[in-house]
Amino acid sequence: CTLYICRFMFGFSIAFLIIVGLQILFLVALLVAFYRKPRRLEATSTGVSVIVCAHDEEHNLRELVPLLLQQDYPDFEVIVVEDRSNDGTYDYLREMVPVHVRLKMVRVESTPAHIHGKKFALTLGIRAARYEWVLLTDADCRPASTQWVREMSRGMAGDTQFVLGYSPYQVEPGLLNAFVRFESLITALQYLGFAQLGKPYMGVGRNLAYRKSFFIDKKGFKHLDITGGDDDLYVNEHARKDTTAVIIGSQSLMWSRAKKTWRDWFTQKLRHLSVGRFYQRQDRFLLGSVTISWILTWLLAVPALLLSGPWLWWLIDALLLRWVLLIWLTHDASRKLGAPFESWKTPFLDILYAIYYLVLGPVAARSKKVRWKN
């Protein structure tokens, strides 16, 4: 009986070390991605069409539109797609358009039954774009500087089809804000890091650019009837190593405001996570391995330590090494991205992150319909 118990303890400890080892390899890969010499990108002067979809966004547009029009770039336009708003969005744009030659409004009065609202609005905006490159953001976002378009345009050269940027959340008090920013940072480190390692798999529509001609040639969005995916699914389907550029730095950021309640944030993340099942198979496997090993690291940590016996210090050392790498990553990489994160919060948020995926992941996998806006 003692022999069987020892074998079980040894096997359990080895399995746990393998799980933590996968996490360590993942973190080392991201550190390599952000420490390797970036691809040299020169400034360009290509024309850029900035596109914003807006439904009941008068308040946000009154702040965002002037900031976009103030961009220090020689050749750009701002297209706001007014999507069936019930507030003063249309009236505000109707007043602004005649005053600013760079500003254009596209109006959506109705949406076909088989097409999701935002995808239809965004498609109309892209088709109305004057320039080859379209640069996307959301109405509740704010550019970090007047150099945002110029910085993002550095990736718009040669054979590039996609330019991926970073959109962090503004710092506010409270646990929810800290966790939202941590989760957003981890997501960005993954998609930007893997893109720099030659495996682009997603982008975020708050700060994303691609060619209009490519969009037209590929006949636009594939999953027209599902909520979400107008950014990550489109990038996942078409982005490749040699056609994707990554732009990071404080002046290239597009800031956004986090949700104020856990309920609102839960709904937002449910929409984001629910489209993950449509990713390419190899990307689902990669992200699934990272996520499952992250969950199992903390789900099994206590029983693993209790059952480790003579291998206790091996397990403790592995966990500490993982923590050191994660803190190092959130500290240094976030500064390279241009939005420093308080890395001292990382250990607690790390455990909360595993709980978040353990709870929300299965719900998102079963979700069929999640609304964007009415």
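(A) Examining unusual backbone geometry more closely. Although it is not a glycine, Asp56 adopts a positive phi angle of roughly 55 degrees. Assignment of secondary structure puts Asp56 in the loop between β1 (48-54) and α2 (58-69). Judged by relative accessible area, which is 30%, Asp56 ranks as partly exposed. Unusually for a residue other than glycine, Lys219 sits at a positive phi of about 65 degrees. As for its position among the elements, Lys219 is in the loop between α7 (212-217) and α8 (232-238).

(B) Structural context of the pattern of salt bridges. If you walk through the whole model with that rule in mind, you get 17 salt bridges. Glu58 is the salt-bridge partner of Arg62, the closest N and O atoms lying 3.0 Å from each other. Highlighted residues: Arg62 and Glu58, both in helix α2, separated by four residues, approximately one helical turn. We classify Arg62 as partly exposed; its relative accessible area is 43%. Arg142 serves as the salt-bridge partner of Glu63, at 3.0 Å between the closest nitrogen and oxygen. Pair noted here: Glu63 is in helix α2 and Arg142 is in strand β5 (residues 141-143), with a separation of 79 residues, a long-range link. Exposure remark for Glu63: the relative accessible area of 39% places this residue in the partly exposed category.

(C) Molecular detail of the packing of α2 against helix α3 (residues 89-96). Between α2 and α3, the shortest axis-to-axis distance is 9 Å and the interhelical angle comes to 25 degrees. Regarding the angle of α2 to α3, the classification is roughly parallel. Once α2 is placed against α3, the crossing between them reads as right-handed. Within the contact between the two elements, α2 uses Glu58, Leu61, Arg62, Val65, Pro66 and Leu69 and α3 uses Thr89, Tyr92, Leu93 and Met96.

(D) Up close: the environment of Lys259. Structurally, the position occupied by Lys259 is in the loop between β9 (254-256) and α9 (262-274). The class of Lys259 is partly exposed, set by a relative accessible area of 36%. As for Lys259 and Tyr169, which are separated by 90 residues in sequence, their C-alpha atoms are 9.5 Å apart.

Rules used in this analysis
Residues numbered from 1 in each chain as written. Predicted model: local features only at pLDDT ≥ 70, side-chain atom pairs only at ≥ 80, totals over all residues. Heavy atoms only, no water. Helix = DSSP H or I, 4+ residues; strand = E, 2+ residues; numbered from the N terminus. Buried < 20%, exposed > 50% of the residue type's maximum accessible area, 1.4 Å probe, protein only. Salt bridge = Lys/Arg side-chain N within 4 Å of Asp/Glu carboxyl O. Axes fitted to C-alpha atoms, helices over the stretch in contact; angles between N-to-C directions. Parallel < 35°, antiparallel > 145°, perpendicular 65-115°, else oblique. Left-handed = near helix turned anticlockwise from the far one by under 90°. Contact = heavy atoms within 4.5 Å.

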